[in-house]
Every structure is written in C-alpha cells, then in structure tokens.
Amino acid sequence: MQNGNFLRNIRIIMKRELAGYFGSPVAYVFIVIFLLLTGFFTFYISNFFEAGQADLKGFFQWHPWLFMFLVPAVAMRLWAEERRLGTIELLLTLPVTVTDVVLGKFLAAWFFIGIALALTFPLVLTVMFLGNPDLGVIFCAYVGSFLMAGTFLSVGSMTSALTRSQVVSFILAVVACLFLILAGFAPVTAVLSGWAPAWLVDLVSSTSVLSHFASIARGVLDVRDLLYYLSVMVFMIFVNGVILQNRESA
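Throughout what follows, the structure given in this document is the object of discussion. By convention here, each chain's residues receive numbers from 1 onward along its written sequence. Residues qualify for local features only when their pLDDT is at least 70, as the model is predicted, and side-chain atom pairs are given and counted only at 80 or more; totals for whole chains, interfaces and linings, by contrast, use all residues. Values shown for side chains rest on all heavy atoms present in the structure; no hydrogens or waters enter the calculation.

**Focus on the pattern of salt bridges**
In plain terms, the rule: Within this document, salt bridges are pairs made up of a side-chain nitrogen of Lys or Arg and a carboxyl oxygen of Asp or Glu, the two lying within 4 Å of each other. The buried label goes to any residue with under 20% of its type's maximum accessible area, the exposed label to any with over 50%, and the partly exposed label to all in between, with areas taken from a 1.4 Å probe on protein chains only.
For the structure on display, the rule yields three salt bridges. Measuring nitrogen to oxygen at the nearest pair gives 2.5 Å for the salt bridge that ties E17 to R16. For E17, a relative accessible area of 5% gives the class buried. Look at R16 and you get partly exposed, because its relative accessible area is 42%. A salt bridge links R224 to D222, with the nearest nitrogen and oxygen atoms 2.9 Å apart.

Listed below in structure tokens is the structure:
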C-alpha cells in the first residue's frame, strides 16, 4: 500500500511540474533554443555535409557542453523559485514525503529534457536518408546523452535547493558540471599525467561524465558507465533531500 501511495504521489507531482513547464513560455523557449543550437553545432561547426559520413558524431560531441548550460537553466527553478515565492513550506506540509517531492520534481524535469532530446529525431532520419548509419550506435549515444542530462539535472536540483536565487543556483550548477566535464577532458588528463601517478589520473578521469559518455557513444552500454551515472544521480538526489529535510526541521 505504501508503495502504491509513493508512486501515486510522485506521479501527481510530476503532472503538476510538467503542467507548470508547458503552461508558460519557458518550456517552448528552451526547446527551440536547444534545437537551434544542436542544429547549428551539427551542421555548421561540425561541418556535417563536408564530413561525408552518415553518422551523428558531430551531433553528440557537443552535448556535454550544451547540457552544461541548458540543463542548469532548467534545474535552477526547481527549488529556488519555490523558496523565493515561499511555496516550499506549503509544499512540504502536504501529505507527501520529501522523497516524493524531490523525485517527482526531478523526474518531471528529466522527462521534459527527454522530450527536447527526442525532438532531434529528424537528424536520425536525415542520416538514414543520406547513408546507412549504425542505428545501434546512435541509440546508445541517445541513451548516454539522456543519462548525462539526468546527471547534470541532479546536480542542478541540488544547487537549487541551496539558495533562493536562481542565478546563484545556475552559476553553482554550471561550475559543478564544468568540473565533471573537465575531469576527463584530454588536455586536463594530459597535464595531470605529466606529474601525477597513473592511478590518480585514472581516478580523476573516472569521475568525468565525458569519458563515460564517450564510451557509450561508441555503442557500448557498459555496466560501469550506467552505474556511474545512476550513482551520481542517486547521491545528488539524496543530498537534495537532506538539504530540504534539514530546512523542514529547522
């Protein structure tokens, strides 16, 4: 019975949040900006047509950098707006647990980002028309991109719970996401390998979303990569809940 209430509460909160997204221009502006940027980087920056290859490598290689800014922009309102308006106290007095609310809001935002990602599907049709792409690799890359977006979103949700300022939340999330990217960035690991032992370089690189995303984007759904993304999300969501729980009991 408790599991039924748990899932029902999460579903209700998800519907509330999604209605809030699509009830304002924010959702549509985000989707349009995301589609325009992905198209620009894919066709112009990555020279899609000049490359002469029917694949989406030029599309997916920019996702970490786009998500670094766009996902925190989605996440910054999750809790900061509730705190600014004073509705967080009302929300936490409802017959739901903090876990219900945190998961409901997170899953709604992740689902919304997933919708934006799914709307890039015409690119898949384009490469299918131009050649014979490896659809398995493309599918894996989409899975990796979605998991990476969820990881960045969990970070942004946690920073949003720390402050009532959306701007502060956005900046903190961007910095944290930048660290998660640069930890596995080739120039950074090259500098580290010049003075640090190999085990330390491997440890720092293993904390990066970039190396795990690159592995999945090659068409390999390794359990270690999946566990990495899920572990970061679970940890950040847990911290998010602790922050709110302490606020509620204060």
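**Structural notes on the side chain of T38**
Selection rule: Numbering of helices and strands runs from the N terminus; a helix is a DSSP stretch of H or I covering at least four residues, while a strand is a stretch of E covering at least two. Within 3.5 Å is the distance limit for a polar contact, defined as a pair of N or O atoms, with the added protein rule that one can donate a hydrogen and the other accept it, and that residues adjacent in sequence qualify only through two side-chain atoms. Whether two residues touch is decided by their heavy atoms; if any such pair falls within 4.5 Å, the residues are in contact.
Checked against the element boundaries, T38 lands in helix α2 (residues 25-45). Engagement of the side chain of T38 in a polar contact is seen with the backbone oxygen of L35, the distance being 2.9 Å. When sequence neighbours within four positions are dropped, the list of residues in contact with T38 reads F59, H63, L66 and T120.

**Remarks on the side chain of S154**
Topologically, S154 is positioned in helix α10 (residues 135-162). Among the polar contacts made by the side chain of S154, one reaches the main-chain carbonyl oxygen of T151 at a distance of 2.6 Å. Setting aside its immediate chain neighbours within four residues, S154 contacts F106, V232, M233, M236 and I237.

**Let's talk about helix α9 (residues 121-130)**
Under the convention used in this document: Working note: the arc is built from the helix axis to C-beta atom directions.
Within the span of α9, buried status applies to L123, V124 and V127. For α9, the angular spread of the buried residues around the axis is 105°, confining them to a single face.

**Notes on the packing of α2 against helix α8 (residues 98-118)**
The following threshold applies: Note on definitions: angles span 0 to 180 degrees between N-to-C directions of axes, and those axes are lines fitted to C-alpha atoms, for helices only across the stretch in contact. An angle below 35 degrees is read as roughly parallel, one above 145 as roughly antiparallel, one from 65 to 115 as roughly perpendicular, and any other as oblique. Put simply, a crossing is left-handed when the front helix is turned counterclockwise from the back one by less than a right angle, and right-handed when it is turned clockwise. Polar here means any residue other than Ala, Val, Leu, Ile, Met, Phe, Trp, Tyr, Cys and Pro, which are nonpolar, and Asp, Glu, Lys and Arg, which are charged; Gly is therefore polar.
Across the interface, α2 lies against α8 with an axial gap of 9 Å and an inter-helix angle of 40°. The orientation of α2 with respect to α8, classified from their angle, is oblique. As for the relative orientation of α2 and α8, their crossing is right-handed in sense. Seen from α2, the contacting residues are A27, F30, I31, F34 and L35; seen from α8, they are F112, A116 and L117. Of the residues assigned to the contact of α2 with α8, the class counts are eight nonpolar, no polar and no charged.

**Looking at the layout of surface pockets**
Condition: In the cavity and pocket records, a cavity denotes points on a 1 Å grid over the protein atoms alone where a 1.4 Å probe fits but cannot get out, a pocket denotes an open set with protein on both sides within 12 Å along at least 5 of 7 lines, and lining residues are residues with an atom within 4 Å of a point. Grid points are joined across faces, edges and corners, and a volume is the space filled by probe spheres set on the points.
In this model, the largest pocket occupies a volume close to 380 Å³. Along the wall of the largest pocket there are 18 residues; nearest its centre are L56, K57, F60, Q61 and A217. Those elements that provide at least two residues to the lining of the largest pocket are α4 (57-60), α5 (63-75), α10 and α14 (209-217). The biggest single contributor to the lining of the largest pocket is α14, with four residues. Taken together, the residues that form the lining of the largest pocket break down as 13 nonpolar, one polar and four charged.

**Topic: the nonpolar core**
Stated precisely, the cut-off is as follows: Residue types Ala, Val, Leu, Ile, Met, Phe, Trp, Tyr and Cys, when buried and joined through side-chain atoms within 4.5 Å, form a set referred to as a nonpolar core.
Counting 64 residues, the largest nonpolar core has F112, F152, L153 and Y229 as the members making the most contacts within it. The element contributing the most residues to this core is α10, with twelve residues. Residues in contact with F112, not counting those within four places in the same chain, are L18, Y21, F22, A27, F30, I31 and V74.

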